[in-house]
Amino acid sequence: MLKVENLKVEVDGKLILKGVDLELSPGKVVALMGPNGSGKTTLMMTIMGFPRYKVVEGRIIFKDTDITNLPVYERVNLGIGLAFQRSQSIDGVALRTFLKKIAEKRGVEVDIDGIANEFNMGDFLDRFVNKGFSGGEQKRCEFLQLLVLNPDLLLLDEPESGVDLDNIKLIGKAINKILKREVTPQTEGTDSERCVDKWKLKSALIVTHTGYILDYVKADEGYVLIDGRIVCKGNPYEILKIVEKYGYRRCERCV
Ligand SMILES: Nc1ncnc2c1ncn2[C@@H]1O[C@H](COP(=O)(O)OP(=O)(O)OP(=O)(O)O)[C@@H](O)[C@H]1O
Ligand SMILES: [Mg+2]
């Protein structure tokens, strides 16, 4: 689904990612961990294609297509969606209008009120996007947009940060709903046996510090990013336990 090869990225002339390799198979969920400032958001924003993040070396492959130089909207059309760590507010644009536009662009009919109510966002539809929303409300708003966008690859930058426990559960439910996880990847058999078209299996790359979201969305693999480099890859739940006990210092040498 996604292959990041030797990715080196500069932001405003400073090298932040120093050769990142990462792979995500169709149907899989990967957790990305790492200390503050290690480059996690930089990686997400670069995969999404924001021009401020300049790729100086390496490639990003999505579904066998090299997307390294594609603009953001083309990546969205191909099926990539991002939930920001820090959302932007859009003054003057009602959330309902925004969601309708997303659905229109995707060419799908969506019951906006129904989805919004299911995800505890019904009262926000006629307010401006994120304007005056609390931190947790902004996060839910990100997921409401993703539910309408329905991407094949979800890039989730700290989906649970600032969210209360009840709403983390709700966000987990939203992620699983988009991933259609109850029907595809957890079942027996190989990818090709389960699904004729492997690209129909959705994937997610989730940045998390606490791992709370991984109580609701089962992650298949974990990566640790330190100072712009992947230093460890393995069972995400084991990695979290080690980090909790010893801190990221322990991950500088992969155990
Ligand atoms: N314009 C800039 N000039 C210099 N350094 C920058 C610039 N923009 C970002 N950085 C640095 O890039 C590094 C990586 O930032 P990034 O937001 O990717 O970290 P992160 O891993 O997401 O951290 P966090 O866990 O705090 O969200 C940080 O040290 C940040 O200060
Ligand atoms: Mg970040």
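Everything numeric in this text was worked out from a predicted model, so none of it was measured.

1. Digging into the overall build of the chain
For the chain, the count of helices and strands is 8 helices and 12 strands. The C-alpha radius of gyration computed for the chain amounts to 18 Å, which stays within 12% of the reference 18 Å derived for 255 residues, consistent with globular compactness. With the principal axes as the frame, the chain shows a C-alpha extent of 50 × 45 × 40 Å. Counting all 255 residues of the chain, 40% fall into the buried class.

2. A few points about the confidence of the model for the chain
Counting all residues, the mean pLDDT for the chain is 92, and 93% of those residues have values of 70 or more. Throughout residues 183-188 the model reports pLDDT below 50, and contacts reaching past four residues in sequence, or to other chains, amount to 9 contacts. In this model, residues 191-195 is a region of pLDDT below 50 whose contacts with residues beyond four sequence positions or in other chains number 11 contacts.

3. Structural notes on the packing of helix α5 (residues 135-149) against helix α6 (residues 165-179)
Interhelical geometry of α5 versus α6 gives an angle of 15° and a closest axis separation of 10 Å. The orientation of α5 relative to α6 falls into the category roughly parallel. The way α5 lies across α6 gives a crossing that is left-handed. On α6, the residues touching G136, K139, R140, F143, L146 and L147 of α5 are N167, I171, A174, K177 and I178. Across the contact of α5 with α6, the residue classes break down as 6 nonpolar, 2 polar and 3 charged.

4. Observations regarding unusual backbone geometry
Although it is not a glycine, D12 sits at a positive phi angle of roughly 45°. Along the chain, D12 turns up in the loop between β1 (2-11) and β2 (14-24). Residue D12 is classed as exposed on the basis of its 8 C-beta neighbours within 10 Å.

5. Quick word on the site of ligand 1
Near ligand 1 you find 13 residues, and of these D12, N36, G37, T41 and T42 are the closest. For the shell around ligand 1, the elements supplying multiple residues, two or more each, are β2 and α1 (40-48). Top contributing element to the shell around ligand 1 by residue count: α1, with 3 residues. In terms of residue class, the shell around ligand 1 is made up of 2 nonpolar, 8 polar and 3 charged.

Conventions used here
- Starting from 1, residues in each chain are numbered consecutively following that chain's sequence as written.
- Chain letters start at A and ligand numbers start at 1, both assigned in the order the entries are written.
- Local features are withheld for residues below a pLDDT of 70 in this predicted model, meaning they are given only at 70 or higher, and side-chain atom pairs are given and counted only at 80 or more; totals for whole chains, interfaces and linings count all residues.
- The helix and strand labels rest on DSSP assignments: H or I over at least four residues marks a helix, E over at least two residues marks a strand, and numbering proceeds from the N terminus.
- Atoms considered for the radius of gyration are the C-alpha atoms alone. The globule rule reads 2.2 Å times the number of residues to the power 0.38.
- With C-beta atoms placed from the backbone, the exposure class of a residue follows from how many other C-beta atoms lie within 10 Å of its own: 20 or more, buried; 12 or fewer, exposed; in between, partly exposed.
- Across the chain, each position has a pLDDT score giving the predictor's confidence in that residue, from 0 to 100.
- We call two residues in contact when their backbone-placed C-beta atoms lie within 7 Å.
- What counts as an axis is a line fitted to C-alpha atoms, over the stretch in contact for a helix, and the angles between N-to-C directions run from 0 to 180 degrees.
- Note on terminology: angles under 35 degrees are roughly parallel, angles over 145 are roughly antiparallel, angles of 65 to 115 are roughly perpendicular, and the others are oblique.
- Two helices that cross are described as forming a left-handed crossing if the nearer one is turned anticlockwise from the farther one by less than a right angle, and a right-handed crossing if clockwise.
- Nonpolar residues are Ala, Val, Leu, Ile, Met, Phe, Trp, Tyr, Cys and Pro. Charged residues are Asp, Glu, Lys and Arg, and all others, Gly as well, are polar.
- Residues are classed as near a molecule or strand if the C-beta position derived from their backbone is within 6 Å of it.

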